Amino acid sequence: MNTCYVFATQLIRARRSLQITVAVLLSGWAILSTSLGMGSTLTTTSKIASSIRESQLLTQNEEPEETMPNKPLEIWSAIEDGHRVTLSLADAHTLRLRVGAHGELGKDVSYAVIRKRWPKTDYKLTQETDHVRIETSALEIIVRSQPFALRVHDRKGRVLFQSGKRALSFGSGITVTHKLEQKESIYGMGEVGELFDRRGGKYTLYNTDDFSRNVRQNFYCQIPFAIHLNAAGTRAWGMFIDNPGRQTWDLGFTNPDTASYHLATGDLDLWLWFNGDIRETLRDWVELTGRMERPPLWGLGNQQSRWSYPTEKRVREIAAEFRRRRIPCDVLYLDIDYMNGYRVFTWHPQNFPNPEALLRDLHRDGFRVVTIVDPGVKIDPDYPVYKEFAQQPGFFCMDPATSQPFVGRVWPGETHFPDFTRPNVRERWGELQDQTLVAKGVDGIWNDMNEPHTFDAKEFPGHVLQYDFGRNRPHSEIHQIYGLTMAQASWEGFRRARPDDRPFIITRSGWAGVQRYALMWTGDNQSTWASMILDLQLNLSMGLSGIAFVGCDIGGFAFDCTPELYARWIEWGVFQPFCRTHSAKGTRDQEPWSFGSEVENIARKMIELRMQLLPYLYTVFVTAAETGAPINRPLVYEFPSDTNCRTIADQFLVGDAILVAPVLFSGADRRMVYFPAGKWVHWWTGATFTGPDYQIVEAPLGQPAVFVRAGSVIPMQESQQYVGEKQIHETALEVFPATEIHGLLVEDDGVSRAYLDGKERRTVFEGGMDEKHFRLTLRPEKTGYMPARKQWRIRVHGVSQKPQQVSVDGKSAPVLWHNELCEVVVPDSGKMTTVEIQF
Ligand code: MIG
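What counts, and at which threshold
- Residues numbered from 1 in each chain as written.
- Predicted model: local features only at pLDDT ≥ 70, side-chain atom pairs only at ≥ 80, totals over all residues.
- Heavy atoms only, no water.
- UniProt positions renumbered as here; feature names shortened; annotations may be inferred.
- Helix = DSSP H or I, 4+ residues; strand = E, 2+ residues; numbered from the N terminus.
- Expected span 1.5 Å × (residues − 1).
- Buried < 20%, exposed > 50% of the residue type's maximum accessible area, 1.4 Å probe, protein only.
- Phe/Tyr/Trp six-rings, centres within 6.5 Å; stacked < 30°, edge-to-face > 60°.
- Pairing = 2+ DSSP bridges.

Identification of the protein chain as Alpha-glucosidase from Sumerlaea chitinivorans is taken from an unreviewed UniProt entry. Under the UniProt heading Sequence similarities (unreviewed entry), the note attached to the protein chain is "Belongs to the glycosyl hydrolase 31 family."

Structure representation (structure tokens):
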């Protein structure tokens, strides 16, 4: 069947008029934007013309279609070696450069960019003799054509970006280059192994499932987004090349002061934004591609997986063992063997005969269950999912050589691959997910193999065709978005099935914007020390790529873990956003109790600590959802001006207050820790360290090097076997004093989306301490949600003098003082409260 025919039938089949409207609009918009491009001559553009365009854009703005956001204002256009080049202004500090691979620009669509509102941006465009000058309130942009060159200054004349004399070259694909400043660092790019500071490396961005776990290989989620940080660490800018084909990034590898980006296929669609520091750059990035949502609170709990718990009986045993041993656990995973012959959306009739009953019982014991779903649909005429999909033209990715759906071998044998770029495939996938899994009680979906991977070749064949907004393009040109669109299908399905709940989707492959739909884990790591080091760096790099909710398989996936490695891994693993132990078929058991009682005790203690830290951790998640800030923060994010921090990827902060420095080598019982400026309090001993400084810190098994930044308030609560086990009546505020003290606690119901309507409680902590006086104010900022808390327990650490007088809102109050700790209990009145201690 020819592909145009597939597209046409698709439109006819689409009974929902929305889809047709959108298709018409798409082509309308393409015409509109082309004519705008042609019309933009190099003469001074008047504000009147620009406001007319604005109003045309506003009409587009009203279209609700998610994949078709309004696009920013085009301000300049030219032809370069026969290729259309346009420059748009998204706002006063954000540019978009588009270059047509084949003459004119292709359709203006994106899988990544979902930002819809672009403020009206005033600008002045002046034609000079050999260039055009564009001024906004934030930038001065100099554009030259033939050859095309671009330079960006701030309003003080400092150069922010310069392309060099010839920015574009064409050959097989498009290459764009620019100059690198001296000592400029580069971060982000998703799941790319060393170098953590990407500068000096050459990288191919093309998602792959490569079991070898070479530190320099391609992993499952590579994102053409980067943060450039200047030498002083004071200024940063962001860039994104919105092209889901194969890209090669040379970041000062071939030529130390030049970066070049080669696109094998498709148009260049380069976003550049210059808006402050590393935080603002990342915030703008999630503004462009979408924020993660608040996950369900249980998603922060401890999770246990294995490939596979093969029978219902084994799953029940594992669940019982967690409860019997009093090791907190919130989530159990069912890997591929729960299915019937690996057919997606089925259950194994003998091994999982009654999933509803199993899930009901597990829920009663406080467990949530996440099932794996792979993309490959088994070719089997007796299998309803296959039959249905095969009957729908275009539901599977098409092999143009045979005009039949492409066949690839995966776990079920020969399979076809759904084309998730089609909205109706995503919709049907979501319905099946609901009917066979979610409606039976499954709480979350785990998307695997979605690079996509087949057993036949290292790469999914590039010539296979996908719908791709009606463009019917070869897979290789949109390879990067297979995992993203599968996660989207899962998320959309979940949202429709349970509109009031928060979806819990985990995906192995992804791309720019995947944070809107899913959390990510680092895939098939290994039970080796080297893999653990790599995983930590991957987590941190993902955090600097807009994907805050990440984690690696604790203990490692492939090979047999050792007791020491498991202990060292869980010691920092519990500080990851995603805290799950998982291991491969054929490896030894890898539950927290599988390595003897010493390791079991360490695991329990660390998991309990995570459960105690839940109020703090959740607040850090909320901040990530709102601002794109990583949850596990590399030191450079918090201390960008400290040059020592620029390449540190073997220690990290959780939020801004907790510093974790894992032991990453066998036999070590201490390690060197870098302390950035400030005072740092050792979690277990209370010893203080003053930065900036490198120090050797003792870290015997079971006592990992964890520190709190002085001046922080860490909200904590008692441990539970699972989130929601108990009504929590008391929140402890662990205060590590300094001249200034700050902290935040965000609470909501942890399951619904009511927080979007203000149903949350936000408490700000502020205070300070000097030799004579301690003060802490608890100030509720939002009070739309009432937690079960009755009282706060304020615990001030490091108090060596006896408290003389304690008052709460001016009235004298009792105090406990022991081991340099001052404890004051304060009822939670829901109103502002101030605690003062005189020494
Ligand atoms: O080819 O489902 O990364 O977590 O246990 C291996 C079996 C397929 C790879 C995933 C891993 C999972 C495994 N899967």
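Turning our eyes to something else, we now look at helix H8 (residues 423-436). Because an α-helix packs 3.6 residues into every turn, residues spaced three or four apart end up facing the same way. Its 14 residues place the ends of H8 20 Å apart at the C-alpha level, agreeing with the 20 Å of an ideal helix rising 1.5 Å per residue. Residues of H8 that are buried: Asn424, Val425, Arg426, Arg428, Trp429, Gly430, Leu432, Gln433 and Thr436.

With that settled, the discussion passes to the UniProt feature "domain: Glycosyl hydrolase family 31 C-terminal" (unreviewed entry) in the protein chain. Here, UniProt's "domain: Glycosyl hydrolase family 31 C-terminal" (unreviewed entry) annotation points to residues 628-714. End C-alpha to end C-alpha, residues 628-714 measures 21 Å, and it is 5% helix and 47% strand.

To continue, consider the packing of aromatic side chains. Considering all chains together, one arrives at 46 aromatic pairs under this definition. Here the aromatic rings of phenylalanine 689 and phenylalanine 707 are separated by 5.5 Å at their centres, their planes lie at 85°, and the arrangement is edge-to-face. Placement of the pair is phenylalanine 689 in strand S38 (residues 688-698) and phenylalanine 707 in strand S39 (residues 705-709), with a sequence separation of 18 residues. The same class applies to phenylalanine 689 and to phenylalanine 707, which are both buried. The interplanar angle of 85° and the centroid separation of 5.9 Å between the aromatic rings of phenylalanine 765 and tryptophan 792 together place this pair among those described as edge-to-face. Of the two residues, phenylalanine 765 is situated in strand S43 (residues 761-769) and tryptophan 792 in strand S45 (residues 791-796); the sequence distance between them amounts to 27 residues.

Here the focus is the pairing of strand S8 (residues 159-162). Where a strand is regular, its side chains alternate between the two sheet faces. As judged from the 3 bridges shared by strand S7 (residues 149-154) and S8, these two strands associate in the antiparallel manner. Within the sheet, the bridge partner assigned to valine 152 lies in S8 and is phenylalanine 161. Between the end of S7 and the start of S8, which pair antiparallel, lie 4 residues, with glycine 157 showing a positive phi angle near 90°.

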